[in-house]
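# Overview (structure and organization)
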Amino acid sequence: MQTSYSHTTVMVEPDGTAVVSVSLYPDGRMAMTCPTDGNRAQLWISHAGARVLIAPTNPEEPTAEDVVTARKLAEVFGRYAAEVERLHALNGAAAA
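Residues numbered from 1 in each chain as written. Predicted model: local features only at pLDDT ≥ 70, side-chain atom pairs only at ≥ 80, totals over all residues. Heavy atoms only, no water.

## Structural notes on the overall build of the chain
Scanning the chain from N- to C-terminus turns up one helix and five strands. Helices and strands in the chain line up, N terminus first, as β-β-β-β-β-α. Taken over C-alpha atoms, the radius of gyration comes to 17 Å for the chain, far larger than the 12 Å a tight globule of 96 residues would show. Dimensions of the chain, computed from C-alpha atoms along their principal axes, come out at roughly 50 × 40 × 25 Å. Going through the 96 residues of the chain one by one, you find that 10% of them count as buried. Roughly 7,800 Å² of accessible area belongs to the chain as shown, and the carbon and sulfur atoms make up 59% of that amount. Separation of charge centres in the chain, based on 7 positive and 11 negative side chains, amounts to 6 Å. (Helix = DSSP H or I, 4+ residues; strand = E, 2+ residues; numbered from the N terminus. Rg over C-alpha atoms; globule rule 2.2 N^0.38 Å. Buried < 20%, exposed > 50% of the residue type's maximum accessible area, 1.4 Å probe, protein only. Areas by Shrake-Rupley, 256 points an atom, 1.4 Å probe, with all protein chains shown as cover. Lys, Arg positive; Asp, Glu negative; His and termini not counted. Charge placed at Lys NZ, Arg CZ, Asp CG, Glu CD.)

Below, the structure written as structure tokens:
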């Protein structure tokens, strides 16, 4: 059984630009929240010391472009869930 973990890396390219990568390999301890207090749009994900915030540039006044981006994000999360379920079923069938 693999242990879940999360990590953040910062890599500096030869030209001096920095690339930040956050990798989440979660378990049941991962926290996800999307507050619905009516004042701002934001999604928080945290696990093993890594924290990710997804929000429009102005979370209190999202634009039409922000709505399109949020819908794309929902679509990608849906595809991710379907792929995890597919692989789980495939591996479960192979183990039986």
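## Considerations on the pairing of strand 2 (residues 18–25)
As paired elements, strand 1 (residues 5–12) and strand 2 share eight bridges and run antiparallel to each other. If you follow Ser 6 over to strand 2, its bridge partner there is Leu 24. Linking strand 1 to strand 2, which pair antiparallel, is a turn of five residues; within it Gly 16 sits at a positive phi near 95 degrees. (Pairing = 2+ DSSP bridges.)

## Considering the pattern of salt bridges
With the rule as written, the count across this model stands at four salt bridges. With a closest N to O distance of 2.7 Å, Arg 79 and Glu 75 form a salt bridge. You can see Arg 79 and its partner Glu 75 sitting in helix 1 (residues 64–95), four residues apart, about one turn around the helix. Accessibility expressed as a relative area gives 47% for Glu 75, which makes it partly exposed. Taking the shortest distance from any N to any O, the salt bridge between Arg 86 and Glu 83 comes out at 2.7 Å. Here Arg 86 and its partner Glu 83 are both found in helix 1, three residues apart, which amounts to about one turn of the helix. Judged by its relative accessible area of 35%, Glu 83 falls in the partly exposed class. (Salt bridge = Lys/Arg side-chain N within 4 Å of Asp/Glu carboxyl O.)

## Let's talk about the pairing of strand 4 (residues 43–47)
Of the strand pairs in this sheet, strand 3 (residues 31–33) and strand 4 are connected by three bridges, and their pairing is antiparallel. The partner of Met 32 across the bridge, within strand 4, is Ile 45. In terms of strand pairing, strand 4 meets strand 5 (residues 50–54) through five bridges, oriented antiparallel. Bridge pairing in strand 5 places Ile 45 opposite Val 52. Counting the residues between successive antiparallel strands, the hairpin from strand 4 to strand 5 contains two residues, one of them, Ala 48, with a positive phi of roughly 50 degrees.

This is a description of form; function is not addressed.
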